[in-house]
Amino acid sequence: MAALWKVVSSVRTCGVRLPADRFSRTSSSFSSDSGSDQRPRTGGFAAAFDLQSELRRRREVENSVADGSVSSPGQEHSFASLLRRSPLIQMGPAKDRVVIGRIFHVVQDDLYVDFGGKFHCVCRRPADGEKLQRGSRVRLRLQDLELTARFLGANTDTTLLEAQAVLLGPLEGREARENQNQD
Amino acid sequence: MAARALTKGLWGLRHSRLVTVGHPCGGHQYATAASIRSPQLQIDDATEKVINQPLEKPDFFRVSELFSVKDLFDARVHLGHKKGCRHRLMEPYLYGCRLDQDIIDLDQTVEHLQQALNFTAHVAYRGGVILFVSRQRQFGHLVESTAKNCGEYAHTRYWQGGLLTNAPIQYGPGVRLPDLIIFLSTLNNVFQPHVGIRDAAKMNIPTVGVVDSNCNPSLVTYPVPGNDDTPVAVEMYCRLFKMTINRAKDKRRQMELLHGLSAPSTPSS
């Protein structure tokens, strides 16, 4: 009887709906062996769900015991792994890479665009760029992450504290709407 | 009896020095008569406990809970300048160089930042004057509003030569100098070290400074290797310092209330 209750409750938690009449039928037929063989066995999905959730729970318990902190499987903790998986490193050399940036400041015809690097870049407003205002997302082709050069007689490079990129245009249509929804 | 009076007098002298720790330029106070100490001895006990209790634990203000490696990473603190701009003395703090761009080691930054925030908290707890300095024009307003929000001071304009070293003449005698100077960027607008670092070292004022890969960390007491050019990073530093200072001041008020209530009332007549 206890086994029947456990099976039924696990089936219930899986979200498998059990009509009341079927339940009464199974309880009435429990006394016979054939009845106990038929119904109480959980369905394929329910059994798989149970198994996976048990595995995940056990893994999380082990992780928390090992690390001392509860960590979900997708979370990185060490700086080295964060750096390795960061978009900046995965991108590689910045020359001619297309990225998405956001305008954070406008001075008449100059657009200051932040694309996630150390510095921002400054682009001139294109002829048809009336709708590019503060907060709009644009596509850029990067040339350099930081404009530096060593001049004659200097010990260190002189830096302009800016990146260089070519403005390709606003982020079009569906992508822009999706990104705005995500934000 | 005379020996006891002498030790009481000396203890009172030590107490007066503890109380005036925030007045480096003020006149020294000497307490010689032991008789004025005895009725106030119990108040001094409470004050001593309030002042010394934070020193017993390594992280009394729990500043390590304010940030994590992931927060620093998301604020782009690990990005340095290009290889050609690197300062030789920043090489120990760098993780490496990726495609000519220096990457600052955030594991070291976390330790340095914890020490810097802990020191700031202790200074704020003892009622010290903190001065925020940054010569970067794009963060001038941010630094000033940060200082205003935590009740401290900021100097983001041109640094006059004798501001610290010639203060009694420029600002009048008996002016109180800051007890801690926090540099959000240690360079001035021509990429030279800020004069305030050298002057603070001359005047024995401890400094906390965010040093980028092109800065000189030598004279800074608590250097914090990190990015000082990106707005996200500087906003994060300002937020952390503001939270630390406010936390320390609240803790001080709390401790004073606690010990003020628990200290036995002295017979005043």
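Criteria and thresholds
Residues numbered from 1 in each chain as written. Chains lettered and ligands numbered in written order. Predicted model: local features only at pLDDT ≥ 70, side-chain atom pairs only at ≥ 80, totals over all residues. Heavy atoms only, no water. Pairing = 2+ DSSP bridges. Helix = DSSP H or I, 4+ residues; strand = E, 2+ residues; numbered from the N terminus. Axes fitted to C-alpha atoms, helices over the stretch in contact; angles between N-to-C directions. Salt bridge = Lys/Arg side-chain N within 4 Å of Asp/Glu carboxyl O. Buried < 20%, exposed > 50% of the residue type's maximum accessible area, 1.4 Å probe, protein only. Contact = heavy atoms within 4.5 Å. Arc of directions from axis to C-beta. Buried area = accessible area lost by both parts, 1.4 Å probe. Polar contact = N/O pair within 3.5 Å; in protein donor to acceptor, adjacent residues only side chain to side chain. Nonpolar A, V, L, I, M, F, W, Y, C, P; charged D, E, K, R; others polar.

Caption draft 1: Here's a closer look at the sheet that holds strand E2 (residues 94-98) of chain B. All names here are of chain B. What the three strands build is an open sheet, ordered E1-E3-E2; its pairing is antiparallel. Looking at the sheet topology across the chains shown, the edges are occupied by strand E1 (79-82) and E2. Strand after strand, the sheet turns through a mean of 25° between neighbouring axes, direction not considered. Across four bridges, the pairing between E2 and strand E3 (residues 101-104) is antiparallel. Counterpart to cysteine 97 in the pairing with E3 is aspartate 102.

Caption draft 2: Examining the pattern of salt bridges more closely. The tally for this structure, following the rule as stated, stands at 19 salt bridges over all chains. Taking the shortest distance from any N to any O, the salt bridge between A:Glu54 and A:Arg58 comes out at 3.7 Å. Residue A:Glu54 and its partner A:Arg58 are both found in helix H4 (residues 44-67); the two are separated by four residues, about one turn of the helix. The class of A:Glu54 is partly exposed, set by a relative accessible area of 28%. Across the salt bridge formed by A:Asp144 and B:Lys82, the nearest N and O atoms sit 2.9 Å from each other. Remark: B:Lys82 occurs in strand E1 and A:Asp144 occurs in strand E4 (residues 137-144); the pair is interchain, linking two chains. The network of salt bridges with shared partners includes A:Glu54, A:Arg57 and A:Arg58.

Caption draft 3: Main features of the side chain of B:Asp199. All names here are of chain B. Position of aspartate 199 relative to the elements: it lies in helix H7 (residues 195-202). Residue class for aspartate 199 comes out buried when judged on its relative accessible area of 1%. If sequence neighbours within four positions are ignored, aspartate 199 has contacts with Trp159, Gly161, Leu164 and Thr165.

Caption draft 4: Examining unusual backbone geometry more closely. Residues other than glycine seldom take positive phi values, yet A:Gln108 does so here, at roughly 50°. Among the structural elements, A:Gln108 can be located in the loop between strand E1 (97-107) and strand E2 (110-114). Even without being glycine, B:Arg62 reaches a positive phi, approximately 50°. Here B:Arg62 shows up in the loop between helix H2 (41-52) and helix H3 (69-74). Classification of B:Arg62 as partly exposed rests on a relative accessible area of 47%.

Caption draft 5: Local environment of helix H5 (residues 140-149) of chain B. Residue and element names in this part refer to chain B. Listing the buried residues of H5 in full gives Gly140, Val143, Thr146 and Ala147. All buried residues of H5 lie within an arc of 135° about the axis, which places them on one face of the element. Those residues of H5 that are exposed and angled more than 90 degrees off the buried face are His141 and Lys148. Two residues or fewer past H5, glycine 151 is found with a positive phi of approximately 75°.

Caption draft 6: Region of interest: the interface of chain A and chain B. Counting residues at the interface gives 24 residues for chain A, matched by 26 residues for chain B. Between chain A and chain B, a total of about 2,100 Å² is buried, with carbon and sulfur atoms accounting for 66% of that surface. Our count for the chain A to chain B interface comes out at four salt bridges. The partner of A:Lys118 in a salt bridge is B:Asp212, and the shortest N-O contact between them spans 2.8 Å. Viewed at the interface, chain B and chain A are joined by 13 residue pairs in polar contact (both at pLDDT 80 or more). Here the side of chain A that touches chain B gets four residues from one element, more than from any other, and that element is helix H5 (residues 79-84) of chain A. Among the residues forming the side of chain A that touches chain B, the class breakdown is 10 nonpolar, eight polar and six charged.

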